[in-house]
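Okay, here's what each chain looks like letter by letter:
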Amino acid sequence: MSATHHTRMLIIGSGPAGLSAAIYGARAGMKPILVQGIQPGGQLTTTTDVENYPGFREVIQGPWLMEEMQGQAEHVGTRLMYDTIVSVDLSRRPFRLIGDGGDIYEGDVLIIATGAQAKWLGLDSEELMKGKGVSACATCDGFFYRGKKVAVIGGGNTAVEEALYLTNHSDDVTLIHRRDSLKAERILQDRLFANPKITVLWNKEVRSFVGGGSPEGLVGIALHDRVTGEASTVDVEGGFVAIGHHPATELFRGHLALDSDGYIEVEKGTTKTSIHGVFACGDVMDKIYRQAVTAAGTGCMAALDAERFLAEADFEKVAEAAE
């Protein structure tokens, strides 16, 4: 039998953004319900070493950090639901969402923290070498490759920015692109070509990530030249796939304003979306920074924005009743 769950604050997504929103909402007495989705804990559950989240002197593990956040959210009064939302009705308050098992979730406010997923090349070797030298975030993992040879795969703004960032840690950065020109903005290209630490390999398609050593780690990337057909290998210890991200916004297409890349649009300086009472935080609305700490920060913002919205709505209701 399906059930209906009602809350003052309904949250979708259980990464740093959603859990931070839940912690703030619970401490404000909202008794939030958080629907965890397909991947409880978000992208950090697939991340091993985390060294850039404030408050920890030593390297910590991503799954452990998310377990601690979940425990904290529950401790202060959040109800975590193991369900995946399959449809939404945002046409009126309370907002109404339906889980894949038929359960109905109603919230006086809704906070969306469904995140984004990095695009991958789809190679078997890529999957095998994730966490062993293959990454999709230079800002997150570049520090671990200081003084080592690294490569970035891609040709857009993200790839060029990651290659430039990696020069802070490595004197030997290779940008691998499958075409003969970049899609990145001209100013970024100028900075890239002027940097002596970066080499660009044109018309090269990645065929496989090569592992070796004990314990196994990335030792090279096998390439195929799309013009000459020549096979080659570039020796690197770090490979960063930078071909874009997919924001998890399909549920909200046609309901909320999205930008040209599919991210939820929010009012500048806030987490307010195009519908009053609906807020977005974390990677689902942030395509620039995409860090755990910035996601947590916007989660806090979303909870505070939602709390203020409810306070104003309650005041208006009381004022109307008094007239």
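An account of the accompanying structure is given in this report. Remember, predicted model here, so these are calculated numbers, not experimental data.

### Regarding the state of the cysteines
Move 1: What the rule picks out here adds up to one disulfide.
Move 2: Between Cys137 and Cys140 runs a disulfide, and the two sulfur atoms are separated by 2.2 Å. Taking the sign of the torsion about the S-S bond as the criterion, the disulfide between Cys137 and Cys140, at about 70 degrees, is right-handed.
Move 3: For Cys140, a relative accessible area of 27% translates into the label partly exposed.

### Focus: helix H2 (residues 62-75)
Move 1: The first and last C-alpha atoms of H2 sit 20 Å apart over 14 residues, in line with the 20 Å expected at 1.5 Å per residue.
Move 2: Those residues of H2 lying buried are Gly62, Leu65, Met66, Met69, Gln70 and Ala73. Take H2 and look down its axis: the buried residues cluster within an arc of 135 degrees, on one side only. Of the residues in H2, the exposed ones pointing more than 90 degrees away from the buried face are Glu67 and His75.
Move 3: On its buried face, H2 is in contact with helix H1 (16-27), strand S3 (49-50), strand S4 (60-61) and strand S5 (79-81).
Move 4: One or two steps after H2, the chain reaches Gly77, where phi turns positive at roughly 120 degrees.

### Re helix H5 (residues 157-166)
Move 1: Buried within H5 we find Ala159, Val160, Glu162, Ala163, Leu164 and Leu166.
Move 2: The inward-facing, buried residues of H5 abut helix H4 (138-141), strand S11 (150-153), strand S12 (173-176), helix H6 (186-194), strand S13 (198-201) and strand S17 (238-241).

### Details of the pairing of S12
Regular strands place side chains that alternate from one sheet face to the opposite one.
Move 1: Neither face of S12 is open: one carries Val173 and Leu175, the other Thr174 and Ile176, and all of them are buried.
Move 2: As paired elements, S11 and S12 share four bridges and run parallel to each other. Counterpart to Val152 in the pairing with S12 is Leu175.
Move 3: The parallel pair S11 and S12 is bridged by H5, and the resulting crossover is right-handed.
Move 4: Bridge count for S12 against S13 is four bridges, and the pairing is parallel. What sits directly across from Leu175, in S13, is Val200.
Move 5: Taken together, S12, H6 and S13 constitute a β-α-β crossover, and its handedness is right-handed.

What counts as what
Throughout this document, residue positions are counted from 1 along each chain, in the order its sequence is written. Residues qualify for local features only when their pLDDT is at least 70, as the model is predicted, and side-chain atom pairs are given and counted only at 80 or more; totals for whole chains, interfaces and linings, by contrast, use all residues. To get the side-chain values, all heavy atoms of the structure are used, and hydrogens and water are removed first. We call a pair of cysteine sulfur atoms a disulfide whenever their separation is within 2.5 Å. Think of it in three bands: with a 1.4 Å probe and only protein chains considered, a residue is buried below 20% of the maximum accessible area for its type, exposed above 50%, and partly exposed in between. Runs of H or I in DSSP of at least four residues are treated as helices and runs of E of at least two as strands, each being numbered from the N terminus. A helix is expected to span 1.5 Å multiplied by its residue count minus one. Directions are taken from the helix axis to each C-beta atom, and the arc is the one they span. It only takes one pair of heavy atoms within 4.5 Å for two residues to be counted as in contact. Between any two strands, at least two bridges found by DSSP are needed for them to pair. Crossover handedness is defined by viewing with both strands directed away from the observer: a clockwise path from the first strand over the helix to the second marks the crossover as right-handed.

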